[in-house]
Amino acid sequence: IEVKDTGNGIPSEQIELLFQPYAQAKLENYRHQGGTGLGLTIVSKLVHAMGGQIFVQSELGKGSTFEVYLPLRKSSRHHADGCVG
């Protein structure tokens, strides 16, 4: 899963802080974006609980890319409606 934005970007020294509860990037010259600072903490905990990884690339003034990798396995169960899952 990949999510890109064209926002302010995140200083490299602050990326790891984004996954801490109530943390938000501190950006000078940009208005406060709002929010509680819990979104990426929750995403990170869910991704790791499922055995996955999350990565962030960001460039100031250009935006950020968040990549989530989750281990998936093929299911052998078939549902009555024909769906596999």
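As the structure is a prediction and not an experimental result, all values here were calculated from the model.

### Some details on the environment of Val3
If you trace the backbone, Val3 turns up in strand S1 (residues 2–5). A relative accessible area of 48% places Val3 in the partly exposed class. Expressed as a C-alpha distance, the spacing of Val3 and Val68, which sit 65 residues apart in the sequence, is 8.6 Å. Excluding residues that lie within four positions of it along the chain, Val3 makes contacts with Ser64, Thr65 and Phe66.

### Notes on the confidence of the model for the chain
Reading fine detail from the predicted coordinates is not recommended where pLDDT is low. With 74% of its residues at a pLDDT of 70 or more, the chain shows a mean pLDDT of 82. Confidence, expressed as mean pLDDT per element, reaches its minimum in the chain at helix H1 (residues 39–49) with 93 and its maximum at strand S3 (residues 63–69) with 96.

### Structural notes on a nonpolar patch on the surface
Judged by side-chain polarity, Ile1, Val3, Ile42, Leu46, Met50, Leu70 and Leu72 come together as a nonpolar surface patch covering roughly 740 Å² of accessible area. For Leu70, the position within the fold is in the segment after S3.

### Thoughts on the pattern of salt bridges
If the charged atoms of two oppositely charged side chains come close together, the side chains can form a pair. For the structure on display, the rule yields two salt bridges. A salt bridge links Lys4 to Glu2; the nearest nitrogen and oxygen atoms lie 3.7 Å apart. Judged by its relative accessible area of 47%, Glu2 is partly exposed. The salt bridge partner of Glu59 is Lys62, with a shortest N-O separation of 3.7 Å.

### Quick look at the environment of Gly9
For Gly9, the position within the fold is in the loop between S1 and H1. Classification of Gly9 as buried rests on a relative accessible area of 7%.

### So, the packing of aromatic side chains
Under the definition given, this model contains one aromatic pair. Residues Phe55 and Tyr69 carry aromatic rings whose centres are separated by 5.8 Å and whose planes lie at 70 degrees to one another, so their mutual orientation is edge-to-face. In this pair, Phe55 sits in strand S2 (residues 53–59) while Tyr69 sits in strand S3, placing the two residues 14 residues apart along the sequence. Take Tyr69: its relative accessible area is 44%, and that puts it in the partly exposed class.

Criteria and cut-off values
Residues numbered from 1 in each chain as written. Predicted model: local features only at pLDDT ≥ 70, side-chain atom pairs only at ≥ 80, totals over all residues. Heavy atoms only, no water. Helix = DSSP H or I, 4+ residues; strand = E, 2+ residues; numbered from the N terminus. Buried < 20%, exposed > 50% of the residue type's maximum accessible area, 1.4 Å probe, protein only. Contact = heavy atoms within 4.5 Å. pLDDT = per-residue confidence, 0-100. Patch = residues over 30% accessible without salt bridge, like charges linked within 9 Å, V, L, I, M, F, W, Y side chains within 5 Å. Areas by Shrake-Rupley, 256 points an atom, 1.4 Å probe, with all protein chains shown as cover. Salt bridge = Lys/Arg side-chain N within 4 Å of Asp/Glu carboxyl O. Phe/Tyr/Trp six-rings, centres within 6.5 Å; stacked < 30°, edge-to-face > 60°.

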